[in-house]
Every structure is written in structure tokens, then in C-alpha cells.
Amino acid sequence: MSPEVETIGAYSRPQEPPQSPRTRQPELDFYCVKWIPWKGERTPVITQSTNGPCPLLAIMNILFLQWKVKLPPQKEMITSDELMAHLGNCLLSIKPQEKSEGLQLNFQQNVDDAMTVLPKLATGLDVNVRFTGVSDFEYTPECSVFDLLGIPLYHGWLVDPQSPEAVSAVGNLSYNQLVEKIITCQHSSDPNLVTEGLIAEQFLETTAAQLTYHGLCELTATAKEGELSVFFRNNHFSTLTKHKSHLYLLVTDQGFLQEEQVVWESLHNVDGDSCFCDSDFRLSHSLGKEPGAEGGGGSPEKQLQVDQDYLIALSLQQQQHPQGSQLSDLELAQQLQQEEYQQQQAIQPMQAQAPLPQGRGATPGRLAGERRPKPKQESDCTLL
């Protein structure tokens, strides 16, 4: 730990006794470094222990994956000050492409604006989306950082063009402008404006996930193959890439720090159901399993089919119990047993005899990270 960081800590917490670097606990601005194999090179990515905006991590992870910034191979932790220093060096090293004096002055002004907003990157940015396109944001000085670095900034909160009433109500307004319009319409005496305000309010309520299927389709079409970008959703900034026409988000949860096979998370629907992949975008079937636990017989296609079968079973369960009641443990066990039996019939006999996986009590063949039925209390269990 550098002396500067210790000095800052001492001033911010004068009531605490001084601690040696060996005993001092990591502060909130410390981040763990996860080393992954990326395109044949050992590459660092920064993880975080709590959810937060932190666009600094999303930007820096792109620079690491592009090898524009490198860390010592033994680096295990890094501070936000160190990250901002690396980012500042990148910004200052950028040269204007145009030679004219006017464009050079404009470029220098953008660099000055970007350097001014650097401290905000560790806490959050003033980002105001427009619902007309995945690249449409209200321009703020903070956006100059993305422009200078050539990093696309995307979102997926779009109005479906097949809903003309919503398109008319939302128009070309930004999120802040739309909220103001809703408040104005609520106090209007014009019934047409009141109706328009209700439609706009309903749009915000039904798309509270800040991602629509139209937005997801547009995002998939707009993002370039192999491109690294920043994705904004629910006040969070993520590193996004496109591989073989599919979208993936970089997994930065510190809980996966030791999971070498968990690097990317698929982004293929609005509801959040996803699957994890390694650095080569191969499915990570489950967490905590030893190599070869499945006997080497499971392919990604079969794994995905099992996952889809399980989701269908959950959907049927919800339809059969619309009041929210759940299947009894006996019924659920029988249902899962039937699914496993059907799956066993589809694979080779030797694969059917493979030992059961031991990872986190997961059902054989079920993808990690998928939604599972909530465990019931012991008093509700049925002994088989």
C-alpha cells in the first residue's frame, strides 16, 4: 500500500488507531484483481464487492482487455486512485487526428472536460438516456470520456415502434424530460394531455427493468462483432461485448474472483435469466465442480436443452398454480426425476452412469446462475 493511501486513511479516520500495512483492512476504494486468459494472454479485470454505478471499472476493464493498460503480473488489489491515474495517462496520451487549429482547440477542451470529471467516474455519472436509440443520450461533459477513448456507450431502454401511442407519448424526450412531462400532464385540465401522461407513465412502469425486447434487438444489431463497449442499465455500468452475434456482459462480481470458468454472462432476454461462460465464451455448466465431473459427455447444446426444459417445467408449475402456491416436495421430486430420466434416455449409456456433480447441490446438467425453486422449511418436507 502506498504512503499516500495510508495518509488519506489516517486523516479520514483520526479516531482509529494506526495499523500496519499487514493488518490494515481494505477500504471501499480497493478492488480485487482477477486474472483471466484472454486471447492467449493473461489479462487482469477489476471486480467489485458491492453493486454500484462505478463506470470507472467498466471503462478500465475495456482498456485492460484491449491491453492499453497493463498491471504487474503479481497485482492482486488496486485502488480507485490508481485506476484513475492509469485512465488519466491514457487520456493525456491521445493525440488529435485533425491538424486544424480549431479542431485541436476543441480536442483540448474535451480532454480538459474529461480530466475534470475523472473523480466522478468512481461514484457515478450524470447519464440521461433517450428512448429512441441504443446510442442516444443527452450530452453531458461526462460523455467526453467515452468519446475520447473511442468506447461506445449503449443502453437498451427503447420504445417499441409497434406501440404508436407510446411512441407518441415518449417522443424524443430524455428520461428526465419524460418525468417532467408526466408531472405536467397529471395537473393538466386537457384530457388528451392527461391520457398522454398516463401512457408515458405506464411505459416507465412496464419497462422498469430499463431493457426492452426491441432495445435488445437494436443493441444486438448495433454492436459490432468483437467490439468492447459500456452498457448502462439500472444505474449500473457494465463491460459489454458481442461474440458470434450474441451479447455478453463481463462478470465483475467479486464473489466469482476464484471462479476461472466464469468470465462472461449472456445477455439474451429482458427477465435476467442468463448463463455463465469462460473467457472463450464456452458455457460454464456449473460452479465448484471438479474437471471431468460429468464424465466428459455433456455438450453445450445438451446443457442448454436441459436448462430450457427446466425453465419450461417452472413455467408449467406457475400456470398450474396461479395463486402462487408451489408443488409439494414429493411432486417436485417426481417431476425432476422424470426430467432426469428423459434426459438419460437421450445420451449414451456410459454417460448415464457418470457420477453426479457435486457443485453447490445443483441438479445434474443444470446451468449455473439459473433461477431455482426456493427451498421450503423443514416442517413442509415430505420424506420419500
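Each value, and the rule that gives it
Residues numbered from 1 in each chain as written. Predicted model: local features only at pLDDT ≥ 70, side-chain atom pairs only at ≥ 80, totals over all residues. Heavy atoms only, no water. Pairing = 2+ DSSP bridges. Helix = DSSP H or I, 4+ residues; strand = E, 2+ residues; numbered from the N terminus. Buried < 20%, exposed > 50% of the residue type's maximum accessible area, 1.4 Å probe, protein only. Salt bridge = Lys/Arg side-chain N within 4 Å of Asp/Glu carboxyl O.

The next thing to look at is the sheet that holds strand β9 (residues 276–277). In space, the six strands of this open sheet follow the order β4-β5-β6-β7-β8-β9, with mixed pairing throughout. Looking at which strands have only one partner, the edges of the open sheet turn out to be β4 (153–154) and β9. As defined by bridge partners, strand β5 (residues 228–233) adjoins strand β6 (residues 236–243) across six bridges and the pair is classed as antiparallel. When the sheet's bridge partners are listed, Arg233 is paired in β6 with His236.

This part covers unusual backbone geometry. Even without being a glycine, Asn234 presents a positive backbone phi close to 50°. Topologically, Asn234 is positioned in the loop between β5 and β6. One non-glycine residue, Ser245, lies in positive phi territory at about 70°. Along the chain, Ser245 falls in the loop between β6 and β7 (246–250). Judged by its relative accessible area of 48%, Ser245 falls in the partly exposed class.

Here we come to the pattern of salt bridges. Within this structure, the stated rule accounts for six salt bridges. Among the ionic pairs, Glu196 bridges to Lys181, the shortest N-O distance being 2.4 Å. One end of the pair, Glu196, is in helix α8 (residues 191–206); the other, Lys181, is in helix α7 (residues 175–186), and 15 residues separate them in sequence. By sharing partners, the salt bridges in this structure join Asp278, Asp280 and Arg282 into a single network.

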